[in-house]
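# Fold and contact review
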Amino acid sequence: MASIQLKNIKKTYSNGITAVNNFNLDIQDQEFIIFVGPSGCGKSTTLRMIAGLEEITDGELYIGGKLMNDVAPKDRDIAMVFQNYALYPHMTVFDNMAFGLKLRKTPKAEIEKRVHEAAKILEIEHLLDRKPKALSGGQRQRVAMGRAIVRNPKVFLMDEPLSNLDAKLRVQMRIEIARLHERLHATIIYVTHDQVEAMTLGTRIVVMKDGLIQQVDAPVKLYNEPQNLFVAGFIGSPQMNFIDAVPQKEGNNVYLTFKGQKVLLPKDKAVKIVDGGYIGQTVVMGIRPEDLHEDEETMAKFPEDCITAEINATELLGAELHLYMNIDDVDLIAKASPRLQVKNGDTIKLALDPSRLHVFDKETENVITN
């Protein structure tokens, strides 16, 4: 397998549009990296530049320490799994999986061995004589994976490989891909717009927006310590609540005040607000729906971090209840116990877990309190 380095990578099309700009990333050997972001953020373009399917406008790409900018795709020792599977309809599963090896004049015995080994890993040995039209979506995706595996490449590139599958099958295939990574010890770069895939699969996640990297981190750190408003809002479902607030100092305490309410900041976060000169300035307070609590125990624990809101709507999702609330013209979402008895129009008191509060600069949108 191989490490990958992208140095100041840029992609500008002939119409002047820059799809990727100043992209810098070091990917370690055997790492599982996820590119995630909204449509049009440049994640698939970056993947295609690594594959050699898009020309790099500026910057340098290294695979295994070798400069790859002008190396043809077939000579980069990578295998790609596409969103639409890209199987040959007139070929059997076996021939689809063996096709790349045949082009490379691989001995017949070696082809047989590799195809059957990959089919065994993916549990599709019984499908080798079928053609793609006789397969389900999940089976076709396994065949596409198998075709990549038999190549034994340095790098696997996966471009939204699960987006055409139904929800249940996506969960199953996520588990399969994670197992595959463990078994093959492969370097994998995986593109998705689905944050659940990103959070469950990747050793590290690259969050992109408008062709720029916003943050690169392990999933748990990305979730707990977002570096800016975009990352905080993009990662997490339902997304983080954002409220414009003004920090005020009362004695040794710092409060975030908004809409006639206020919450006490923990000492470590208060210091950063004071040292940054944010007292009296408008900032953005962020709190995740799961960090708003309706139980009396939490309210008693954080008596100075309670807010009151009006319920507009509720959604019962079995294991949890989503509360859609309003404080004046500010909308909030909270995750509550499904046993909570409330109705639209009710006023509810909630405690914020102050250790889970995030405060962002209103102008730069960068985090202040991490």
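Residues numbered from 1 in each chain as written. Predicted model: local features only at pLDDT ≥ 70, side-chain atom pairs only at ≥ 80, totals over all residues. Heavy atoms only, no water.

### Considerations on the nonpolar core
Nonpolar side chains tend to gather and get buried jointly when the protein is soluble and globular. Counting 47 residues, the largest nonpolar core has Met 97 and Tyr 190 as its most contacted members. When residues in this core are grouped by element, the largest group, six residues, is from helix 4 (residues 137-150). With sequence-adjacent residues up to four places away left out, Met 97 is seen in contact with Val 115, Ala 118, Ala 119, Ile 124, Leu 128, Val 143, Gly 146, Arg 147 and Val 150. Membership of the second largest hydrophobic core comes to 31 residues, among which are Ile 243, Val 254, Met 325 and Val 330. (Core = buried A, V, L, I, M, F, W, Y, C linked by side-chain atoms within 4.5 Å. Buried < 20%, exposed > 50% of the residue type's maximum accessible area, 1.4 Å probe, protein only. Helix = DSSP H or I, 4+ residues; strand = E, 2+ residues; numbered from the N terminus. Contact = heavy atoms within 4.5 Å.)

### Some remarks on the sheet that holds strand 5 (residues 66-67)
Spatially, the four strands line up as an open sheet ordered 2-1-4-5, and their pairing is antiparallel. Each of the sheet's edge strands pairs with one partner strand only, and the pair in question is strand 2 (18-27) and strand 5. Sheet strands touched by helix 1 (residues 43-51): strand 1 (4-12), strand 2 and strand 4 (58-63). Its angle to strand 1, the strand with the most contacts, is close to 115°. (Pairing = 2+ DSSP bridges. Axes fitted to C-alpha atoms, helices over the stretch in contact; angles between N-to-C directions.)

### Concerning helix 2 (residues 93-103)
Of all the positions in helix 2, only Val 93, Phe 94, Asn 96, Met 97, Ala 98, Gly 100 and Leu 101 are classed as buried. On its buried face, helix 2 is in contact with helix 3 (108-122) and helix 4. Directly after helix 2, the chain includes Lys 105, whose backbone phi takes a positive value near 60°.

### Some words on unusual backbone geometry
A cis amide bond links Ser 237 to the next residue, Pro 238, at an omega of -10°. Relative to the helices and strands, Pro 238 is located in the loop between helix 8 (229-234) and strand 11 (241-250). Phi is positive for Lys 105, close to 60°, though the residue is something other than glycine. Structurally, Lys 105 can be placed in the loop between helix 2 and helix 3.

### So, the packing of helix 2 against helix 3
Remark: helix 2 packs on helix 3, axes separated minimally by 10 Å, with the N-to-C direction vectors making an angle of 135°. Looking at the two axes, helix 2 sits oblique to helix 3. The hand of the helix 2/helix 3 crossing is right-handed. On helix 3, the residues that touch Phe 94, Met 97, Ala 98, Leu 101 and Lys 102 of helix 2 are Ile 111, Glu 112, Arg 114, Val 115, His 116, Ala 118 and Ala 119. For the contact of helix 2 with helix 3, a count of residues per class yields eight nonpolar, one polar and three charged. (Parallel < 35°, antiparallel > 145°, perpendicular 65-115°, else oblique. Left-handed = near helix turned anticlockwise from the far one by under 90°. Nonpolar A, V, L, I, M, F, W, Y, C, P; charged D, E, K, R; others polar.)

### Focus on the environment of Pro 354
Note that Pro 354 resides in the loop between strand 19 (347-352) and strand 20 (358-361). Owing to a relative accessible area of 8%, Pro 354 belongs among the buried residues under this scheme. It is 15 Å that separates the C-alpha atoms of Pro 354 and Glu 297, two residues lying 57 residues apart in sequence. Look past the residues within four positions of Pro 354 in its chain and what remains in contact with it is Leu 264, Pro 266, Lys 269, Phe 302 and Asp 305.

### Side note on the environment of Ile 235
Turning to its location among the elements, Ile 235 is positioned in the loop between helix 8 and strand 11. Taking the C-alpha atoms as reference points, Ile 235 and Leu 53, 182 residues apart in sequence, are found 29 Å from one another.

### Here we look at the pairing of strand 4
Where strand 1 lies against strand 4, five bridges are found, and the strand directions are antiparallel. Residue pairing in the sheet places Leu 6 in a bridge with Leu 61 of strand 4. For strand 4 and strand 5, the ladder comprises two bridges, and the chain directions are antiparallel. Bridge assignment links Tyr 62 to a residue of strand 5, and that residue is Leu 67.

### Describing the pattern of salt bridges
For side chains bearing opposite charge, pairing can occur when the charged atoms are close. This model, assessed by the stated rule, comprises 15 salt bridges. Between Arg 142 and Glu 176 there is a salt bridge; the shortest N-O distance is 3.9 Å. Here Glu 176 lies in helix 5 (residues 167-184) and Arg 142 lies in helix 4, a separation of 34 residues in the sequence. Judged on exposure class, the residue Arg 142 and its partner Glu 176 are both buried. In the salt-bridge network here, residues are joined through shared partners; they are Lys 11, Arg 48 and Glu 54. (Salt bridge = Lys/Arg side-chain N within 4 Å of Asp/Glu carboxyl O.)

### Examining the sheet that holds strand 14 (residues 283-287)
On the basis of which strands lie adjacent, the open sheet formed by five strands has the order 13-12-11-14-20 and antiparallel pairing. Two strands bound the open sheet, and with one partner strand each, they are strand 13 (261-264) and strand 20. Between one strand axis and the next, the sheet turns through 40° on average, direction left out of account. Here strand 11 runs beside strand 14; their pairing, made up of five bridges, is antiparallel. Across the sheet, Ile 243 pairs through a bridge with Met 285, a residue of strand 14.

### Focus: the side chain of Glu 294
With respect to the helices and strands, the residue Glu 294 is situated in the loop between strand 15 (292-293) and helix 10 (296-301). Buried and without a salt bridge, Glu 294 has Arg 339 as its closest oppositely charged side chain, separated by 7.7 Å. From its side chain, Glu 294 meets the backbone nitrogen of Ser 337 in a polar contact 3.4 Å long. Other than its neighbours up to four places away in sequence, Glu 294 contacts Met 299, Ala 336, Ser 337, Leu 340, Ile 348, Lys 349 and Leu 350. (Lys, Arg positive; Asp, Glu negative; His and termini not counted. Polar contact = N/O pair within 3.5 Å; in protein donor to acceptor, adjacent residues only side chain to side chain.)

Keep in mind that these numbers describe shape and distance, not what the molecule does.
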